[in-house]
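In case you want the letters, here they are:
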Amino acid sequence: MNKRSDNGFFGEYGGQYIAEILRPALKELETSYNHYRNDKDFIEEFHSTLKNFVGRPTPLLFAENVTKLIGGADIYLKLEGLANTGAHKINNAVGQALLAKKMGKKKIIAETGAGQHGVATASACARLGLECEIFMGEIDVARQRPNVFWMEMFGAKVTPVTSGTKTLKDAVNEALREWSKRKDDTFYILGSALGPYPYPDMVRDFQSIIGREVRDQMKGYFNNLPDAMVACVGGGSNSIGFFTEFLDDTSVTLIGVEAGGIGDNPGEHASRITGEGGSTGIVQGYKSIFLQDDNGQLLATHSISAGLDYAGIGPQLAYLADTKRITFTKAYDNEVIEALQLFAKHEGIIPALESSHALAAAIKIAKEYGAGKKIIVNVSGRGDKDIFIVAKALGGDVWLNFLKQEIVRIEGGM
Amino acid sequence: MNTLLKNLEAGINNNDCMLMGHVIAGFPDVKTSIEAAKGICSGGASFLEVQFPFSDPNADGPVIENACYTSIENGFTVEDGFKIVRELSSSTKTAIIIMTYANIVFKYGVQSFVKKAKECGASALIVPDLPLDHDEGLMHYATENDMGVILIATPGCDGKRIKDLSEKSFGMLYTVARRGTTGNKTELNAETDEWIQLVKNNSTKPIALGFGIQSKEQTDKLKGVVPIVIAGSYFVTVISKLKQNENVQSELEKASKALF
Ligand SMILES: Cc1ncc(COP(=O)(O)O)c(C=O)c1O
């Protein structure tokens, strides 16, 4: 199977639908990326940075306790959350930041939703000595304060975006606007496997380290292939990075999990493939499946996880959904919290809310597949960042009282 | 003959400095946007862009962006947009140009959109994120319907690209004076002069210069330099500041005349 785009397209999806002002920057990126992805020194530098700075390889863990508890297929977890800054996002951020340096760029801009890509980008920029500005929806700034705090600690400027729905898609718009204002000293580090060509190819390539490590590590547990692999799908970077290595192994069922949110009505979810309201569109530089109304306006989305709260999906994922190579399902907010609790309690890990979507689906799939089968889940990030959201969702006075007392302590200067 | 080509020819022959105005369809509501547009037309605009709002207008700055959100929130539909175009093209001499984003056209169906635009009397289309090599057949269908697509040249284009764009562009070459999005005043300085000169040297069609035009002082400087000036955010700002009981049409007519 062809894993790269053909002239920027995956079937009918992808492309470079951009205003003239961004054309020179994208052409330059295209040329540079296609050169450096085959450059021995660049590849070596990328891999040594992944090893020494990111902390790769991340472990593959057999979730023995949950497997026993469920009594179904064996569940293995790829722990991307153990990478520096807590999610797979750093693989791509480091790759693009290194490329930016090679291209002689001095300034980095990026969008972020949950803040994981922002934190990863800010971290990579701190490490590589690049100036960094992160665009983040005002609502996300408010609900993901800890990540804003760390981005600023890394020396990045965080600019709240007040337009539109004030979330991830608006942060992308603002980053594109800023890119069109800047001179050619600026590089835009896009955080998922979407946007105009060559981003979907480039982000996939940088993230494909995940699946390659899995192929190697699973030999420590079993000899043949897994029966299924499961990953959550926001824009699609962790899933495509996890799946790419296995696309040709057709006996492996690849399962993408979307955000089911709080219900199936428009505005209540972010299920582009499995929900109502998804259809082909051209938005933010690429053609793919978007949640939109009959007039072509993007619909509002909802997910308990900011990282999956986006109306579009990467073009390669849309293509692999059409061709049925990837099967899609969804997990609702409440199932996500339950999965998080289960894996925390029995495996001692704190998965990110995004990744907990994959875990919620995996629980069902493990039961369905039954004993003797093997499934591998990509736990794309760790959930420390979600403490405020999870504590709130679980209710109770303890956390509320803690916050109240914390305010007293801060104001009292204690 | 296509109204845009007719108006263009007349203006060029008279050596006029022509105006291209801009309204957001359905901002603040359908009726007001029609009256405002008529004011801009009677104020002397040879061309008028009617922007069909899109939820994610990432080539636009805050003024137009916010107007688009208001229109969508007030229930704007693409059919409303066509209704506005029909009304304007039948009641004014101004050439009506539909400006919008790729997804609005794509979702409607590119061929159907162009046909409908023609039927409503539009002269041309501007869709910034359907560029030459990714236009989904837009130019083909437009040409088939005795209309055209106006292409946009922006700083960063080299001479060859400018030539290419101008050859394929309909009637004129829409030229953006500076980097960035719509809104913000453009300083007409040495850098813009140099850019305009590059476009003039390479374009095979008359130049329409836009982005950040908002005063007579600027248009005075541009007289004799370019045959067409575009004012977008300027008009949208005037419309957004209209007070109740004000006569929309005459206020916009004044605003239009104030530019010259
Ligand atoms: C931990 C984690 N997983 C998944 C995602 C979703 O993005 P993608 O689908 O690109 O992997 C995010 C996005 O912020 C994230 O932070």
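Everything here concerns the structure above.
Keep in mind it's a predicted model, so treat the numbers as computed, not measured. (Residues numbered from 1 in each chain as written. Chains lettered and ligands numbered in written order. Predicted model: local features only at pLDDT ≥ 70, side-chain atom pairs only at ≥ 80, totals over all residues. Heavy atoms only, no water.)

## Some words on the overall build of chain A
Of regular secondary structure, chain A possesses 16 helices and 14 strands. Scaling as 2.2 N^0.38, a compact globule of 414 residues should have a C-alpha radius of gyration of about 22 Å, and chain A matches this with 20 Å. Taken over the C-alpha atoms alone, chain A extends approximately 60 × 55 × 50 Å along its principal axes. In chain A, of all internal contacts separated by at least 6 residues, the share reaching a separation of at least 24 is 73%. Summed over its atoms, the accessible surface of chain A is roughly 15400 Å², and 52% of this surface lies on carbon and sulfur atoms. Within chain A, the 50 negative side-chain charges are centred at a point lying 3 Å from the centre of the 45 positive side-chain charges. (Helix = DSSP H or I, 4+ residues; strand = E, 2+ residues; numbered from the N terminus. Rg over C-alpha atoms; globule rule 2.2 N^0.38 Å. Contact = heavy atoms within 4.5 Å. Areas by Shrake-Rupley, 256 points an atom, 1.4 Å probe, with all protein chains shown as cover. Lys, Arg positive; Asp, Glu negative; His and termini not counted. Charge placed at Lys NZ, Arg CZ, Asp CG, Glu CD.)

## Let's talk about the packing of helix α1 (residues 23-36) of chain A against helix α9 (residues 199-207) of chain A
All names here are of chain A. Viewed as axis vectors pointing N to C, α1 and α9 meet at an angle of 35°, and their least axial separation amounts to 11 Å. Here α1 runs over α9; the crossing is left-handed. In this structure, α1 contributes L26, L29 and Y33 to the contact, and α9 contributes Y199, M202, D205 and F206. Broken down by class, the residue content of the contact of α1 with α9 amounts to six nonpolar, no polar and one charged. (Axes fitted to C-alpha atoms, helices over the stretch in contact; angles between N-to-C directions. Left-handed = near helix turned anticlockwise from the far one by under 90°. Nonpolar A, V, L, I, M, F, W, Y, C, P; charged D, E, K, R; others polar.)

## What to know about the pattern of salt bridges
Residues and elements named next belong to chain A. Applying the stated rule across the entire model yields 44 salt bridges over all chains. K385 serves as the salt-bridge partner of E354, at 2.8 Å between the closest nitrogen and oxygen. With E354 in helix α14 (residues 353-369) and K385 in the loop between β14 (374-379) and α15 (387-394), this residue pair connects regions lying 31 residues apart in the sequence. Given a relative accessible area of 9%, E354 falls into the buried group. The residue R409 makes a salt bridge to E406 at a minimum N-O spacing of 2.9 Å. Pair noted here: R409 and E406 are both in helix α16 (residues 397-411), with a separation of three residues, about one helical turn. Since its relative accessible area comes to 31%, R409 is described here as partly exposed. Shared partners join several salt bridges into a network, and the residues in it are R4, D201, R204 and D205. (Salt bridge = Lys/Arg side-chain N within 4 Å of Asp/Glu carboxyl O. Buried < 20%, exposed > 50% of the residue type's maximum accessible area, 1.4 Å probe, protein only.)

## What to know about the interface of chain A and chain B
With 36 residues of chain A at the contact, the number on the chain B side is 36 residues. Carbon and sulfur atoms make up 48% of the surface buried where chain A meets chain B, a total of about 3000 Å² over both sides. Broken down residue by residue, the surface that chain A buries against chain B is led by A:E20, A:R177 and A:Q297, which jointly contribute 22%. Our count for the chain A to chain B interface comes out at five salt bridges. Of all the elements, helix α8 (residues 168-181) of chain A adds the most residues to the side of chain A that touches chain B, at seven residues. Across the side of chain A that touches chain B, the residue classes tally to 10 nonpolar, 14 polar and 12 charged. (Buried area = accessible area lost by both parts, 1.4 Å probe.)

## As for the packing of aromatic side chains
Summed over the entire model, instances satisfying the criterion amount to 24 aromatic pairs over all chains. An angle of 55° between the planes, with centres 5.0 Å apart, marks the rings of B:F82 and B:F113 as tilted. Taken together, the residues B:F82 in helix α4 (residues 78-91) and B:F113 in helix α6 (residues 110-119) connect sequence positions 31 residues apart. Of the two residues, B:F82 and B:F113, neither departs from the other in class, the shared state being buried. Cluster of aromatic residues (ring-pair linked, three or more members): A:Y33, A:Y36, A:F42, A:F46 and A:F206. Positioned above the aromatic ring of A:F222 is the side chain of A:K374, whose terminal nitrogen or guanidinium carbon lies 5.0 Å from the ring centre. (Phe/Tyr/Trp six-rings, centres within 6.5 Å; stacked < 30°, edge-to-face > 60°. Lys NZ or Arg CZ within 6 Å of the ring centre and 35° of its normal.)

## So, the environment of A:E131
Residues and elements named next belong to chain A. Mapped onto the fold, E131 is located in strand β6 (residues 131-137). Separated by 23 residues in sequence, E131 and I108 place their C-alpha atoms 5.9 Å apart. The residues touching E131, leaving out its near neighbours within four places in the chain, are K106, K107 and I108.

## Description of the site of the ligand
All names here are of chain A. Neighbouring the ligand are 18 residues; S192, G234, G236, S237 and S380 lie closest to it. Separating an oxygen atom of the ligand from a side-chain N or O atom of S192 is a distance of 2.5 Å. Within the contact set of the ligand, an oxygen atom lies 2.7 Å away from a backbone nitrogen or oxygen of G236. Notes on the ligand: free accessible area 390 Å², of which the protein chains cover 97%. (Near = heavy atom within 4 Å. Polar contact = N/O pair within 3.5 Å; in protein donor to acceptor, adjacent residues only side chain to side chain.)

## Here we look at the environment of B:I97
Residues and elements named next belong to chain B. Looking at where I97 falls in the secondary structure, it is placed in strand β3 (residues 95-99). Looking at I97, the relative accessible area reads 0%, which means it is buried. Residues I97 and M20, spaced 77 residues apart in sequence, show a C-alpha to C-alpha distance of 9.6 Å. The contacts of I97, once residues within four sequence positions are left out, are L4, M20, F47, L48, E49, V50, A124, L125, I126 and I150.

## A closer look at a nonpolar patch on the surface
A contiguous nonpolar patch, built from A:F149, A:W150, A:M153 and A:F154 and spanning about 430 Å² of accessible area, is present on the exposed surface. Under the relative-accessibility criterion, A:F154 is labelled partly exposed at 32%. (Patch = residues over 30% accessible without salt bridge, like charges linked within 9 Å, V, L, I, M, F, W, Y side chains within 5 Å.)

## Side note on the packing of helix α8 (residues 159-168) of chain B against helix α9 (residues 190-202) of chain B
All names here are of chain B. As a packed pair, α8 and α9 sit with axes 8 Å apart at the nearest point and diverge in direction by 55°. When the interaxial angle is binned, α8 and α9 end up oblique. Crossing hand, α8 versus α9: right-handed. Residues G159, I162, K163 and S166 of α8 touch α9, and the partners they reach there are W195, L198, V199 and N202. (Parallel < 35°, antiparallel > 145°, perpendicular 65-115°, else oblique.)

## Re the nonpolar core
Counting 187 residues, the largest nonpolar core has B:F47, B:V50 and B:F52 as its most contacted members. Three or more residues apiece are contributed to this core by two domains, here domain 1 (17-51 + 88-204) and domain 2 (55-86 + 208-392) of chain A. In this structure B:F52 touches B:A25, B:F76, B:V78, B:G81, B:F82, B:V85, B:I98, B:M99, B:T100, B:I104 and B:F113, once residues within four positions along its chain are discounted. Of all hydrophobic cores here, the second largest spans 37 residues; its members include A:A73, A:A259, A:V336 and A:L353. (Core = buried A, V, L, I, M, F, W, Y, C linked by side-chain atoms within 4.5 Å. Domains from an automatic or database assignment.)

## Considerations on the sheet that holds strand β8 (residues 186-188) of chain A
Within a sheet, neighbouring strands are paired by backbone hydrogen bonds and run either parallel or antiparallel to one another. All names here are of chain A. Spatially, four strands are ordered β7-β6-β5-β8 in an open sheet, and the strand pairing comes out parallel. Both outer strands of the open sheet, β7 (157-161) and β8, are each paired with one neighbouring strand and no more. If you compare each strand with its neighbour and ignore which way they point, the axes differ by 25° on average. Examined bridge by bridge, β6 and β7 share five bridges and lie parallel to one another. For I134, the partnering residue across the bridge sits in β7 and is V158. The strands touched by α8 within the sheet are β5 (107-112), β6, β7 and β8, with β5 carrying the most contacts at an inclination of about 160°. (Pairing = 2+ DSSP bridges.)

Any functional reading would require information that these geometric values do not contain.
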